[in-house]
Structures are given as C-alpha cells and as structure tokens.
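Here is what each chain is made of, one letter per residue.
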Amino acid sequence: MSENPTHFTLNPPAVSLYAEQMMLRLLLEHKLPRCFLNSSNWDNDITQPLGLPDELEDHPAQQRIARKLLSARWQQIKNLPVQDPDFALAYRNIAFLARRLDLSEAEQTMLRFAVHMNREDALRETARLFRVDFNIVCRFISDLCGASRHSVRAALHKNRSKLYQYGLLNRYINRSSTLDDFAEWGDTFDLDDFSNQSATEQDWLRTCAHSTQPPTLQWSDFAHLGEMRDIMQRYLGQPEKRAGINILIYGRPGCGKTEFAALLAQQTELPCYTLVAQDEDGETIAPKTRLHKCRLAHTMLEHTPSLLIFDEIEDVFGSGLFERSTADIHKPWINQILEHNPVPTVWLSNNAHCMDEAFLRRFDLVLEMPDLPRAQKAALIRKLGGDMLDEDHIQHFAKQENLLPALLERSFKVAKAVRQPENNLGDTA
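Predicted, not measured: the structure shown is a model, and the values here were computed from it.

Cut-offs applied
- Here the residue index of a chain counts from 1 through its sequence in written order.
- For a predicted model such as this one, the threshold for reporting local features is a pLDDT of at least 70, and the threshold for listing and counting side-chain atom pairs is 80 or more; totals across whole chains, interfaces and linings nevertheless cover every residue.
- With hydrogens and water set aside, each side-chain value is computed from the structure's full complement of heavy atoms.
- Put simply, DSSP H or I for four residues or longer makes a helix, DSSP E for two residues or longer makes a strand, and each gets a number counted from the N terminus.
- For each residue, the accessible area found with a 1.4 Å probe, counting protein chains only, is set against the maximum for its type, and the residue is called buried under 20%, exposed over 50%, and partly exposed in between.
- A contact between two residues is defined here by any heavy atoms of the two lying within 4.5 Å.
- For every accessible area listed, the method is Shrake-Rupley and the probe measures 1.4 Å; residues are considered covered only by the protein chains on display.
- Working definition: rings of Phe, Tyr and Trp (its six-membered ring) pair if their centres are within 6.5 Å, and the pair is stacked with planes under 30 degrees apart, edge-to-face with planes over 60 apart, and tilted otherwise.
- Pairing between strands is defined by DSSP: at least two bridges between them are needed.
- Note on definitions: angles span 0 to 180 degrees between N-to-C directions of axes, and those axes are lines fitted to C-alpha atoms, for helices only across the stretch in contact.
- To define a nonpolar core, start from buried Ala, Val, Leu, Ile, Met, Phe, Trp, Tyr and Cys residues and group those joined through side-chain atoms within 4.5 Å.
- Think of a salt bridge as a Lys or Arg side-chain nitrogen and an Asp or Glu carboxyl oxygen that are within 4 Å of each other.
- Working definition: roughly parallel below 35 degrees, roughly antiparallel above 145 degrees, roughly perpendicular at 65 to 115 degrees, and oblique for all remaining angles.
- Put simply, a crossing is left-handed when the front helix is turned counterclockwise from the back one by less than a right angle, and right-handed when it is turned clockwise.
- When residues are grouped by polarity, Ala, Val, Leu, Ile, Met, Phe, Trp, Tyr, Cys and Pro land in nonpolar, Asp, Glu, Lys and Arg in charged, and all others, Gly among them, in polar.
- Think of it like this: strands point away, you trace from the first strand over the helix to the second, and a clockwise trace means the crossover is right-handed.
- Patch membership needs two things, relative accessible area over 30% and no salt bridge, and members are linked within 9 Å if like-charged or within 5 Å if nonpolar (Val, Leu, Ile, Met, Phe, Trp, Tyr).
- Under the counting rule used here, the positive set is Lys and Arg, the negative set is Asp and Glu, and His together with the chain ends is not counted.
- Taken as the charge centre is NZ of Lys, CZ of Arg, CG of Asp or CD of Glu, depending on the residue.
- Multiplying 1.5 Å by the helix residue count minus one yields the expected span of that helix.
- We define a polar contact as two N or O atoms separated by no more than 3.5 Å, with the added condition that, inside protein, one atom must be a possible hydrogen donor and the other a possible acceptor, whereas residues neighbouring each other in sequence contribute only through side-chain atom pairs.

So, about the overall build of the protein. Helix and strand counts for the protein stand at 22 helices and eight strands. Every one of the 429 residues in the protein was classed for burial, and the buried ones make up 48%. Counted over contacts in the protein with a minimum sequence separation of 6, partners at least 24 positions apart contribute 74%. Surface exposure of the protein reaches about 21600 Å², of which carbon and sulfur atoms provide 47%.

Under the definition given, this model contains 12 aromatic pairs. Arranged with centres 5.9 Å apart and planes meeting at 70°, the rings of phenylalanine 194 and tryptophan 204 form a pair that is edge-to-face. Within this pair, whereas phenylalanine 194 is found in helix 10 (residues 191–196), its partner tryptophan 204 is found in helix 11 (residues 201–206), the two being separated by 10 residues in sequence. Residue classification places phenylalanine 194 among the buried positions, given a relative accessible area of 3%.

Moving on, we get to the sheet that holds strand 3 (residues 209–211). As summarised here, the arrangement of the six strands in space is 3-5-6-7-4-8, forming an open sheet in which the pairing is mixed. Bordering the open sheet on either side are strand 3 and strand 8 (365–368), each of which pairs with just one other strand. The mean angle between the axes of side-by-side strands here comes to 25°, regardless of whether they run parallel or antiparallel. Where helix 12 (residues 227–236) meets the sheet, its contacts fall on strand 4 (246–250), strand 6 (307–310) and strand 8, and the angle it forms with strand 8 comes to roughly 145°.

Attention now moves to the nonpolar core. The biggest cluster of nonpolar side chains holds 91 residues, and the ones touching the most others in it are Leu97, Leu111, Phe113, Leu179, Phe194, Phe317 and Trp347. Once residues lying within four places of it in the same chain are set aside, the contact partners of leucine 111 are Ile94, Leu97, Leu103, Leu163, Leu168, Leu169 and Trp185. In this structure, Ile245, Phe260, Leu270 and Leu307 belong to the second largest nonpolar core, which totals 25 residues.

Note on pairing: side chains with opposite charge can pair once their charged atoms come close. One pass over the structure, following the stated rule, counts 13 salt bridges. One salt bridge connects arginine 73 with glutamate 20, and the closest N-O pair in it is separated by 2.7 Å. Taken together, the residues arginine 73 in helix 3 (residues 62–77) and glutamate 20 in helix 1 (residues 17–29) connect sequence positions 53 residues apart. Judged by its relative accessible area of 22%, arginine 73 is partly exposed. Exposure remark for glutamate 20: the relative accessible area of 2% places this residue in the buried category. A salt bridge links glutamate 125 to arginine 128, with the nearest nitrogen and oxygen atoms 3.2 Å apart. A residue is classified by how much of its surface remains accessible, and arginine 128, at 40% relative accessible area, is partly exposed.

Take the packing of helix 12 against helix 13 (residues 257–267) next. Their axes nearest at 9 Å, the elements helix 12 and helix 13 cross at an angle of 50°. It follows from the interaxial angle that helix 12 and helix 13 lie oblique. The hand of the helix 12/helix 13 crossing is right-handed. The segment helix 12 lies against helix 13, with Arg229, Met232, Gln233 and Leu236 engaging Phe260, Leu264 and Gln267. Tallied by class, residues from the contact of helix 12 with helix 13 come to four nonpolar, two polar and one charged.

The next subject is the pairing of strand 6. The alternating pattern of strand 6 places Leu307 and Ile309 on one face and Leu308 and Phe310 on the opposite face, and all of these are buried. Assessed by its sense of winding, the connection that carries the chain from strand 5 (residues 272–275) through helix 14 (residues 287–301) to strand 6 is right-handed. Note that strand 6 and strand 7 (residues 345–349) share three bridges and pair parallel. Residue pairing across strands places phenylalanine 310 opposite tryptophan 347, the latter belonging to strand 7.

The next point concerns a negative patch on the surface. Among the surface-exposed residues, Asp190, Asp192, Asp279, Glu280, Asp281 and Glu283 lie close enough to one another that they form a single negatively charged patch. With respect to the helices and strands, glutamate 280 occurs in the loop between strand 5 and helix 14.

Moving on, we come to helix 3. Taking 1.5 Å of rise per residue, 16 residues should cover 22 Å, and helix 3 covers 23 Å from first to last C-alpha, within 8% of that figure. Residues of helix 3 that are buried include every one of Gln62, Ile65, Ala66, Leu69, Leu70, Trp74 and Ile77, and no others. Looking at the buried residues of helix 3, the elements they touch are helix 1.

With that out of the way, let us pick up unusual backbone geometry. In this model, glutamate 269 sits at a positive phi of 60°, which is unusual for a non-glycine residue. When you line up the elements, glutamate 269 lands in the loop between helix 13 and strand 5. Its identity is not glycine, yet glutamate 312 carries a phi of approximately 55°, on the positive side. By secondary structure assignment, the location of glutamate 312 is in the loop between strand 6 and helix 15 (314–317).

Turning our attention to the environment of arginine 290. Position of arginine 290 relative to the elements: it lies in helix 14. Take arginine 290: its relative accessible area is 2%, and that puts it in the buried class. Residues arginine 290 and alanine 277, spaced 13 residues apart in sequence, show a C-alpha to C-alpha distance of 7.1 Å. The contact partners of arginine 290, leaving out residues within four places of it in the chain, are Leu275, Val276, Ala277, Ile285, Phe310, Asp311, Glu312 and Asp315. Looking at arginine 290, its side chain comes within polar contact range of the main-chain oxygen of glutamate 312, at 3.5 Å.

A few words now on the side chain of threonine 299. Among the secondary structure elements, threonine 299 is positioned in helix 14. Judged by relative accessible area, threonine 299 falls into the buried class, the value being 8%. Sequence-distant contacts of threonine 299, defined by excluding residues within four places in its chain, comprise Arg100, Leu101 and Tyr166.

Right, let's get into helix 14. The end-to-end C-alpha distance of helix 14, which contains 15 residues, comes to 21 Å, matching closely the 21 Å that a straight helix rising 1.5 Å per residue would cover. Buried residues dominate helix 14, accounting for 13 of its 15 residues.

As structure tokens, then:
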C-alpha cells in the first residue's frame, strides 16, 4: 500500500470542537506521547473520535501519516470559536458563577476544561497520556487561556483556590498525576444538572441550603435560658453588618437547639436557611462537601440579611480513633470561614467535646442547651397537650428528665392523631 497520506482522509470527528482542539493541542504542541501511536498500541478511544481511519492501525507509516492528517486538521480548527449547543448551558452556568464568585479567567478556563474532561471520554483518555506535575499544568493552562502563569497558579493553589474552596473541582494530585487529575469535577454541583439545566439564583441557593422550617415552640418556651437568650437575640439583631458572626449551640438530640435557632431568626426578623445535610437521593453529604456548600451559601446570601443554620457539625469537627476530623485536616480553611463568613451562622452540635479548643475560641457565643426546668416543661406539656392530660399527669411527666421538647412534640402529634374524642390521656394512663 502506498505511504502517501493523500490516500487517507479523516472521518468526521466524534467529539465537540472544544475537545478536538484540546486533544490536538495536547498531541501536537505538547509532545505526542510515544505510546499513542505505534503498531502494538493503537488507541481506538482516541483515534476514532479524532477521525483517524481504522486502516492506519497496521500501516507501516502509521505515525507519519497520522501526524500529517492531524496537523492539517489542527491548522483548520485551532482558531475557530467554540460554539457547541450541547455545552451552551454549562457555559452559561460557568458565566453565572464567574460573576457571583468573582472567578478569574484562569478559573473559568479550568471549569470549562473540567466540564469537557468529565463529559467527553476521548479528551479524558488523551489527558491520561500525559504525566504531569503542578508546574507543567500551569504552563499548559497558561498557554490555553492566555493568562499569566501567576494567575493560573493562584487558580490551582491547594489552599487559596476558589475552585477547591467552593468544591467546584476536587484535588486528587500526587507524584504520579496525569493531566485529568487536575480537572476532576467537584461534589458541590451534580455535573449532569450543571450541564443541562439553566439555574436561577434561588436554584443555586437550593443546592446548598433550604428555608428553615418555622418553629413550633415560642420564645417564652426558652425563658429558662435566662439572660443568654436575650444576649443572643441582641447580638444577632445588631443593625451594622459585620463578618465573622458565629454562635455555637450544643446539647442532647431533641433538647430544642434547632427550634431555638429558628426562633432567634424569627425574633431578629432574619430569613433563616439551613445547610443541606442530604443529597437529592437522601444520601448523607460528606463533611468536606458540606463545608463547600457552607462557603457557597455564605456567598449566595452575603447581600441578603439572613441567618444560616449549620446542623450536626460533629460530622465535620468530630474525629475517629485512627483518623483526624475534616476540620483538623482543613484547619486554616475552617478558621477563615469562622473569621470572615459574611452571613451570621448558628452552628449546632450534639456534643462540643469533639471540637478542638482552638475552634471553640473562635465562636462569639457558646451555649449548652439545658433540659427544660420542671415548670417550663409542665407549661410546654399543657400547651402541646391541650385538654389531653389532667394536672396530675402533667406534673408526673414534667419530672421525667428524658422527655425532651422534640420528643414531647412528636408524642402529642401522634396522640392527637389516634385520640378518641370522648377520652383524654389522663383517663387511660
């Protein structure tokens, strides 16, 4: 067979124009890997999407002909603007994030690169041919987006990068990293949703926080907290806007922490949001991802007077017997959140003993939620039960230490649902 490359033509590419440009840039301008084209290792996952004919696989002049075909194609497309309708929504969402999070051009370039890398297998397979270190990646991205290497290094810095702080990208980098490791899609947003849905401001907020359920208890139900109750109200109700307002409330499950936090928002007339703890499938969100979403919620709400509740923080601050807590691993990041969060935040935990003293000192106010005193518990039972209990039974139940507000609320909810109108609980207890 003749070795004349004119006897071969490229098939139509099976990738987006963006992916084709990136693949050819990598292969032709950044040292074509020896393993890509040879008689014993013809990679169909790359060659077919680029349109190389299958007949070249066993051709004796395979590499020379393939390089000429690809080089000619590269000259045709390297300056073409990318306008792919399949990625239009993803680009629109990147533009929104760029405005909202003040992303640099280098950061936007990395996001576009990551979207295509994680949605187009051929581009990922090409990137995996290149074993790289941090400096090589910075040079490549700088060349790709025309940004300075300094701005690229900032976009990929392990501690200061917004891409990592907001969980837009994951950082899985080691000594044997390949190029795709630097563009691993993060856990903050589902990639399919990000690529196929045009989101509003509220849609973005709902990915990280939801409106808190209105409280069922009243402000007077927490009179037993004494002066601390009113101090917290006054502190959150200050008219001047300050960064780094944080309150920690801890105590046994069901003691009323969440209700009290919602009441604080109500008393200070602040819209209240609770950080999501589960994804759409009901799966528990990983602690690190919750911190990413906390950071995003703070940014989305920073221009709206509001209060954010971060519940079950022991998942973030608690450590195991043989492992450090997420908070300890990312201590500078946690400290930055506590010092600079633009939205007042109430942090709720069942146990504060799991927290490092260095973190505890950074909270403005710390409250251990006590059990209801007997008089307040009796009053709560009367309010919840109505005429279902006589006074003797009210006093009897008020003495029980484990009857926490959440348990009382659920118990009376069930009791009212199954109650026979002619009887009360006092007659059958």
